[in-house]
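# Per-entry structural report
Okay, here's what each chain looks like letter by letter:
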Amino acid sequence: MSLQTARPRPGALSLALVPSLALTLAASTLVAGGTTASAVEPSPGHPTNAGAIFKWGNPAWHDEFKTQAEPLGWEVSEAGTVVNRNGMLTLMAGREDGLVTATSTEQAAAEGRWEARVRMRNYRGTGARYRVFWELVPADGAERCGASGIVMASYRVNAKRAKGAVRTLPDLDFRFGRKLNLARDEFHTFAVEVTSDHISWFVDTKVVRTERRPEALSGVTFKPRFRVQGIEGQQMKPAWMQMDWARYYTLARPNRKSIEAKPMRLKTYPTPC
């Protein structure tokens with residue numbers, strides 16, 4: 001699917017620009033499934049992808065970020081710097097950039113599987129820590145009263161958990177947290193499978209949540225986005241978010257392994273509408 005490419009206008013960081021789902025994830029502590037958290041998952045020595053483990057076949061769309069210095073097929077923010085560097089899509093956020101994004105203009109779908117290999121780094125100095133997001137956002141750009149997307153992973157450097165979520169109307173907030181080694185430059189792969197009857201989240205090739213309640217399924221057409229998010233009114237510690245690759249698979253091939261897993265933890269959110 002071809003989408004129009006347009007660069008957003010520059011401006012100061014405003015909470016109005018940030019989906020309320022992101023703010024809730026940044027401010028809250030999420031405990032997986034409402035149960036006692038398990039031990040920290042070790043970083044895989046040789047990370048592989050869920051697509052290979054679950055036999056999703058060849059990706060229908062992918063970007064390995066191997067060539068152009070300026071990313072092609074991505075709408076990037078005016079703030080910060082977004083380039084292909086050393087074979088990785090790199091989002092660079094300075095002390096006052098606030099919000100740096102890269103959104104695909106070439107891929108969008110209502111169902112399928114999305115996966116990316118991601119890492120984050122902070123640089124020395126004082127300031128608050130940026131948060132990174134690997135997420136799906138509505139292809140039409142509509143906020144839908146805060147029910148605006150699916151988060152595969154959200155975290156800060158040295159956080160205890162990577163967090164994921166999906167929001168749906170009128171005010172339902174499905175969420176989880178996964179203990180990981182999130183030290184500087186630690187790579188992890190995060191994926192999601194969206195179908196007509198469930199959404200499953202994968203971390204480092206393992207299915208960690210499968211949500212089947214109809215209320216979690218919006219039927220929205222999504223496009224992939226990477227985001228580095230600051231805190232309004234605070235000076236930030238410079239940070240990079242880097243992606244080794246990003247891929248989309250159709251549902252043509254069934255999962256080779258079971259995707260049974262705990263459901264998400266359900267709460268509500270204060271709707272802005």
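Scroll up to find the structure.
Presented here is an overview of the structure given in this document. (Residues numbered from 1 in each chain as written. Predicted model: local features only at pLDDT ≥ 70, side-chain atom pairs only at ≥ 80, totals over all residues. Heavy atoms only, no water.)

What follows is about the pattern of salt bridges. What the rule picks out here adds up to 13 salt bridges. A salt bridge links Asp244 to Arg117; its shortest N-O distance comes to 2.8 Å. Of this pair, Asp244 sits in strand β15 (residues 239-249) while Arg117 sits in strand β6 (residues 112-122), placing them 127 residues apart in sequence. Comparing Asp244 with Arg117 shows no difference in burial state: the two are buried. For the salt bridge of Glu260 with Arg212, the shortest nitrogen-to-oxygen distance reads 2.9 Å. Here the residue Glu260 occupies a position in the loop between β15 and β16 (265-268), and Arg212 occupies one in the loop between β13 (206-211) and β14 (222-229), the gap between them amounting to 48 residues. A residue is classified by how much of its surface remains accessible, and Glu260, at 55% relative accessible area, is exposed. According to the relative accessible area criterion, Arg212 is partly exposed, its value standing at 38%. By sharing partners, the salt bridges in this structure join Arg119, Arg121, Arg184 and Asp185 into a single network. (Salt bridge = Lys/Arg side-chain N within 4 Å of Asp/Glu carboxyl O. Helix = DSSP H or I, 4+ residues; strand = E, 2+ residues; numbered from the N terminus. Buried < 20%, exposed > 50% of the residue type's maximum accessible area, 1.4 Å probe, protein only.)

Next up on the list: the nonpolar core. If you look at the biggest cluster of nonpolar residues, it comprises 51 residues, and the most contacted ones within it are Leu91, Ile150, Phe190 and Phe226. The greatest single-element share of this core, amounting to five residues, is contributed by β15. Leu91 has contacts with Thr81, Val82, Val100, Thr101, Ala102, Phe226, Arg227, Val228, Ala239, Trp240, Met241 and Met243, leaving out every residue within four places of it along the chain. Counting eight residues, the second largest nonpolar core, distinct from the first, contains Phe54, Phe202, Tyr249 and Ile259. (Core = buried A, V, L, I, M, F, W, Y, C linked by side-chain atoms within 4.5 Å. Contact = heavy atoms within 4.5 Å.)

This paragraph deals with the packing of aromatic side chains. Going through the model one piece at a time under the given rule, you end up with twelve aromatic pairs. The interplanar angle of 65° and the centroid separation of 5.4 Å between the aromatic rings of Trp56 and Tyr249 together place this pair among those described as edge-to-face. Residue Trp56 is found in the loop between α2 (50-53) and β1 (61-63), and its partner Tyr249 is found in strand β15; the two are separated by 193 residues along the sequence. Residue Trp56 is classed as buried on the basis of its relative accessible area, which comes to 2%. A relative accessible area of 3% means that Tyr249 is categorised as buried. Through pairs of rings, three or more aromatic residues link up here, namely Trp61, Phe65, Trp74, Trp134 and Phe226. Across from the ring centre of Tyr123, 5.2 Å away, lies the NZ or CZ of Arg184, which sits over that ring. (Phe/Tyr/Trp six-rings, centres within 6.5 Å; stacked < 30°, edge-to-face > 60°. Lys NZ or Arg CZ within 6 Å of the ring centre and 35° of its normal.)

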